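Coordinate inspection notes
Letter by letter, the chains look like this.
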Amino acid sequence: MKKTVNILVLSICIAVANGNILSSCRYERNIQHKLIARCENQGFTSVPRNLRRDIYELILSNNSIHMLINNSFIYYTQMKWLVLTGNNISVIQQDAFSGLNLLKVLKVNDNLINITTIPHGVFRHLSNLAVLDISQNKMPLDTNVPFIYPDITFSSLSRLQNLSLDLFMFPVFRSGFTALRDIKVLNFATCNLHNSSRFKLFNSTFENFSPDLKELYISGCHNFFLMEYGLLDPFPNLKVLDLSKSYVHLYQALRILHPYQNKNMSVINFHRISDNSINENNFPYSVIMTEELMKYLRTICIESLDLSKAGIVDYQKKSLFSFKRPECIKTFIISANRLPSSTADHYFQVVTFFKSAINMKVYDFSYLTVDYIDPLYLDVYHPEVLNHFPEITETHKSPPHLTFAIPSSIEFLRFTHIQIAFTSASFTCANTSLKYLDVSFGVYQNYPDFTDDCGEQLEYLDISGIPVTIITFPSIFMPKLSILKVTNARIDQVIIKGKQWKSFKAPNLRKIDISFNNLWTLEETTLLDQPNITHLNMSNNLFRTIPSFVTKLQKLESLDLSNNLISSIDVTIRFKLDKIVISNHSLILNLNNNALVCSCDTLDFLLWFAKTKVTFKNGDTYNCTMSDGKQTKLKEVIQNTQKYFSDCKATIWLQVGIILVASAFGIFIPLSLLYNYRWKIILYTYRKVRHVVEKNLHKNYLYDAYVSYEDRSVSWIQKFFLPKIEDKWGLKVCLHDRDLLPGDMTADAKAESIQQSRHVVFIITEHFTEGKWGRFEIERAKYEKYTTNFRKIIVILQNIQIKDIPDEIINISSDVYFIELPLDEKEADDNPDYQSQWLRLKALFYLN
């Protein structure tokens, strides 16, 4: 027994001494069912030796390995992948990789390796290595002398296809690199070049690399340097050229493309190759594209082109959009330049390009005319759905209406943050493949108009930042739309102004974002009446409670109400949220940074919070306000309800007493009010009953009364009649001078207005019959009365004798109600019956 224990202790000591703990690594299988050993972030100081022998991939990144000693991997001869990223490796012994004859991928990037000091034969065991990443390692101490890359060391990697290393000042790649005959990708992942005495990459820099190189990456050189004209001559078959974020200036980048005239290329990535730190006569910060600058690029059959943030401020004819073979282009990104699109020339060049680029799938024409703070760029290699929108720094305005005919091949279209104030913009689609559309944060006087075809394949739509008071919502049918973003769109103004949103149909809509809209209430709309909504973001608004329509979204999985003013959740909403959890098995609710209250009144909510199956995002961090005004952790309050709410029962009995006393007064006072205002209540009730009758008879009146009058009565109507009828009594009347459009001043318009009015009022003066329309309006009123037997005809006589009343009125006097009111209100002082006449008129309006 003692011997067994000693052996066990000795085994553990040996394992610890070797930096190994058997359980530290975990195993998993990749999609080819190959075994992977994941040993990252375990604090290893050396390569573990007690792993399974049949591992296909070993991940040892982010440990504390300083040295790779001889035979470190001798037990893992079947291994194909080895990842040693992010250790502190500074020494690699000559036989460190012994036994790894089958290794295909080796990553020793982000360490402390000086590649000039590693042994010449260190890679000789890696006869099948295809990918080597030895970038982001130690910089040389002296940057003023040529950096000679160890060609003899790398020359043993005859099957290497992909090499990633660092680019140092005055680089020298000697003849040993000619042994890398199969190399296809050369990636300078870290650039340490700087502008020292006009530093230059010469034509001879890459002459010893294989002419079959397909991809060259020189990115992230944030110090301007020069490139000779023939720098890329050694690579006649290049397919991918990436100079992104290297400040070489667009002039130089376009000039070195001459070896690829009339050839095919997959990607040219010139993203942000100009910077405001470069601004001199030969290399100005502001670039105007000319035919001469484009003479090489325009001839290339290029699939993906990224010219974003390249300093372009304008373009001449036959330049930026004048590709010889536009049908080759599938992705074109030109965002974050200061391009104009305000003139007819600019506009027609874009339109012509659109028509000829028949295979284009991705087009990004965003962040134009001004410099933005941290715009979100598209990845030319992997365009993805974007969710971040930076702030606008300044605005510029230019005019016209633009119409874009979207090529049928386009799948991804972005026009976000364009500071050009089009009066409007139209997008037409035919047989479209459009899946992603972003027209957010543009300056439009009218919302961009889309033809119905544009919505057929659409899956993502972003119309954020355009006031909804201008755009409402698109009424086109979008059967495949899954994500909709309408942030910063001032939806609150629609509510204030009482506007209606247009019909919105998207049966497959899953995610909606209406955050940052100053919303305090939200009525049910067709926008949120979609059956399959799973994620709803209403954060950063002014909601004081959860809107009731939310509980109708039975498939809801996530609801974000963070940064609102919610103090608690009422019992009805709580019950329905629990039902959603039962049907969906989960619901994530974010109430972070709300005005939650912990008091006796909200105790039921707090108890529900503790036991509900609803998942609260970051729920442990919520704060609530106590009755004394102090902020406390909600979690602590819930765990100690007896401590915080011990006096709630006494408070309840006090409330009961108050309620009983209040009830006594509550019975006496209403009875008194009922008696004193009994006639007003009767009139109000009668009017409500009349509305029900009208509804059953399918009568839906627009006006309470149509008023017929002649010009002398206009002043009296404005000063006395309208203030009483509309402002005080709350009725709505139709006046032809005010409510009928000038172009509609016809018999048809008047007849329609009388038909839409509950009653007709004639204000008769001695000159009434001299008017153009008086007799016509009388005849039309008679027709409406006798066909429906429901309207009243009320005649207000103003300083008129019997002989001056129109015969058409006298003939139906038995069916007309006469009221006398003076045209000059000063005469009312002499008329004791004046107020009773107004009361009689009111009764006629309210009662049939």
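Further up the page is the structure itself.
Here goes a summary of the coordinates provided. (Residues numbered from 1 in each chain as written. Predicted model: local features only at pLDDT ≥ 70, side-chain atom pairs only at ≥ 80, totals over all residues. Heavy atoms only, no water.)

What follows deals with the overall build of the protein chain. From N to C terminus, the protein chain includes 18 helices and 41 strands. Looking at the 848 residues of the protein chain, the share that counts as buried comes to 49%. A separation of at least 24 residues holds for 67% of the contacts in the protein chain among residues at least 6 apart in sequence. As presented, the protein chain carries roughly 40900 Å² of accessible surface, and 52% of it is formed by carbon and sulfur atoms. (Helix = DSSP H or I, 4+ residues; strand = E, 2+ residues; numbered from the N terminus. Buried < 20%, exposed > 50% of the residue type's maximum accessible area, 1.4 Å probe, protein only. Contact = heavy atoms within 4.5 Å. Areas by Shrake-Rupley, 256 points an atom, 1.4 Å probe, with all protein chains shown as cover.)

Backbone hydrogen bonds are what pair the strands of a sheet, in a parallel or an antiparallel way. One open sheet accounts for 5 strands, arranged β38-β37-β39-β40-β41; its pairing is parallel. In this open sheet, the two edge strands, each paired with only one partner strand, are β38 (733-734) and β41 (816-820). As paired strands, strand β40 (residues 793-797) and β41 are joined by 5 bridges and run parallel to one another. By the bridge assignment, V795 is partnered in β41 with F818. (Pairing = 2+ DSSP bridges.)

Here we come to the environment of Q631. Looking at where Q631 falls in the secondary structure, it is placed in strand β36 (residues 631-633). On a C-alpha basis, the gap between Q631 and C598 in space is 9.3 Å, while along the polypeptide they are 33 residues apart. Contacts of Q631, omitting those with residues within four sequence positions, involve N623, C624 and T625. A distance of 2.6 Å separates a polar atom in the side chain of Q631 from a polar atom in the side chain of T625. (Polar contact = N/O pair within 3.5 Å; in protein donor to acceptor, adjacent residues only side chain to side chain.)

What follows is about the pairing of strand β1 (residues 26-29). Bridging between β1 and strand β2 (residues 35-38) involves 4 bridges; their strand directions are antiparallel. Counted as the bridge partner of Y27 is A37 from β2.

Inspection of every chain in the model, using the stated rule, returns 4 disulfides. A disulfide bridge connects C25 with C39, and the sulfur atoms are separated by 2.0 Å. Handedness here is read from the sign of the S-S torsion; for C25 and C39, about 125°, the answer is right-handed. Of the two residues, C25 is situated in the loop between α1 (2-17) and β1 and C39 in the loop between β2 and β3 (57-59); the sequence distance between them amounts to 14 residues. When its relative accessible area of 9% is taken as the criterion, C25 is described as buried. The class of C39 is buried, set by a relative accessible area of 0%. The disulfide partner of C598 is C624, and the gap between their sulfur atoms is 2.0 Å. Residues C598 and C624 are joined through a disulfide that is left-handed, its torsion about the S-S bond being -105°. In this pair, C598 is assigned in the loop between β33 (588-590) and α8 (603-611) and C624 in strand β35 (residues 623-625), connecting sequence segments 26 residues apart. Among the residues examined, C624 registers a relative accessible area of 1% and is labelled buried. (Disulfide = S-S within 2.5 Å.)

A few words on the packing of aromatic side chains. In the structure shown here, the tally under the stated rule is 42 aromatic pairs. Seen from their ring centres, F354 and Y363 are 4.8 Å apart, and the 85° between their planes marks the pair as edge-to-face. Residues F354 and Y363 agree in their burial class; the two are buried. Ring plane angle 25° and centroid distance 4.1 Å describe the contact between F609 and F616, whose orientation is recorded as stacked. Residue F609 is classed as buried on the basis of its relative accessible area, which comes to 11%. For F616, a relative accessible area of 12% translates into the label buried. Sitting over the ring of Y27, R52 keeps its end group 6.0 Å from the ring centre. (Phe/Tyr/Trp six-rings, centres within 6.5 Å; stacked < 30°, edge-to-face > 60°. Lys NZ or Arg CZ within 6 Å of the ring centre and 35° of its normal.)

Quick look at the packing of helix α13 (residues 714-728) against helix α18 (residues 834-846) now. Running from N to C, α13 and α18 point in directions that differ by 55°, and their axes come no closer than 11 Å. As the angle between them shows, α13 and α18 are arranged oblique. In the packing of α13 onto α18, the handedness of the crossing is right-handed. Counted together, W716, F720, F721, K724 and I725 of α13 and W838, L841 and F845 of α18 form the full contact between these two elements. By residue class, the composition of the contact of α13 with α18 is 7 nonpolar, no polar and 1 charged. (Axes fitted to C-alpha atoms, helices over the stretch in contact; angles between N-to-C directions. Parallel < 35°, antiparallel > 145°, perpendicular 65-115°, else oblique. Left-handed = near helix turned anticlockwise from the far one by under 90°. Nonpolar A, V, L, I, M, F, W, Y, C, P; charged D, E, K, R; others polar.)

Okay, the environment of N584 next. Of note, N584 is situated in helix α7 (residues 571-584). In this structure, the C-alpha to C-alpha distance between N584 and K555, residues 29 residues apart in sequence, is 6.3 Å. Leaving out residues up to four positions away in the same chain, N584 has contacts with Q554, K555, L556 and E557.

This part is about the nonpolar core. In summary, soluble globular proteins display a tendency toward joint burial of nonpolar side chains. Residues F73, F97, F123, F270, F332 and Y363 are the most contacted members of the largest nonpolar core, which totals 173 residues. The contact partners of F332, leaving out residues within four places of it in the chain, are L305, L307, F321, F323, F353, M360, V362, Y363 and D364. Residues F721, L722, V733 and I796 belong to the second largest nonpolar core, which totals 25 residues. (Core = buried A, V, L, I, M, F, W, Y, C linked by side-chain atoms within 4.5 Å.)

Below, the discussion takes up the packing of α7 against α8. Between α7 and α8, the least distance of the axes is 11 Å, while the angle of their chain directions is 10°. Between α7 and α8, the angle is such that the two are roughly parallel. Crossing angle aside, the handedness with which α7 passes α8 is left-handed. Where α7 approaches α8, its residues R574, L577 and D578 are matched on the opposing element by D604, F605 and W608.

Enumeration according to the criterion identifies 18 salt bridges in this entry. Here R124 makes a salt bridge to D95, at a shortest N to O gap of 2.5 Å. Linking R124 in the loop between β7 (105-107) and β8 (131-133) with D95 in the loop between β6 (91-92) and β7, this pair joins segments that are 29 residues apart in sequence. For D95, a relative accessible area of 22% corresponds to the partly exposed category. The residue E766 makes a salt bridge to R712 at a minimum N-O spacing of 3.3 Å. Of this pair, E766 sits in the loop between β39 (757-764) and α16 (774-788) while R712 sits in the loop between β37 (703-708) and α13, and the two are 54 residues apart along the sequence. A residue is classified by how much of its surface remains accessible, and E766, at 41% relative accessible area, is partly exposed. The partly exposed category is assigned to R712, whose relative accessible area is 41%. Residues joined in a network through salt bridges with shared partners are R26, E28, R38 and E40. (Salt bridge = Lys/Arg side-chain N within 4 Å of Asp/Glu carboxyl O.)

Moving on, we get to a nonpolar patch on the surface. A grouping of M67, I69 and V91 is seen on the molecular surface, where their side chains present a nonpolar patch of about 220 Å² in accessible area. Turning to its location among the elements, I69 is positioned in the loop between β4 (67-68) and β5 (81-83). (Patch = residues over 30% accessible without salt bridge, like charges linked within 9 Å, V, L, I, M, F, W, Y side chains within 5 Å.)

Considering the arrangement of structural elements, one finds T299 in the loop between β18 (287-289) and β19 (301-306). With relative accessibility at 10%, the residue T299 sits in the buried group. Engagement of the side chain of T299 in a polar contact is seen with the backbone oxygen of Y296, the distance being 2.8 Å. Sequence-distant contacts of T299, that is, excluding residues within four places in its chain, are made with Q261, N262 and K324.

As a further point, take unusual backbone geometry. A positive phi is found at H585, a non-glycine position, where the angle reads about 75°. You can see H585 is positioned in the loop between α7 and β33. A residue is classified by how much of its surface remains accessible, and H585, at 72% relative accessible area, is exposed. Look at N799: it is not a glycine, yet its phi comes out positive at around 50°.

We now examine α8. All of the buried residues in α8 are L603, F605, L606, W608 and F609. The inward-facing, buried residues of α8 abut α7, β34 (615-616), α9 (634-639) and α10 (641-644).

Once that is clear, we can look at the environment of S836. Checked against the element boundaries, S836 lands in helix α18. C-alpha separation for the pair S836 and I819, spaced 17 residues apart in sequence, amounts to 10.0 Å.

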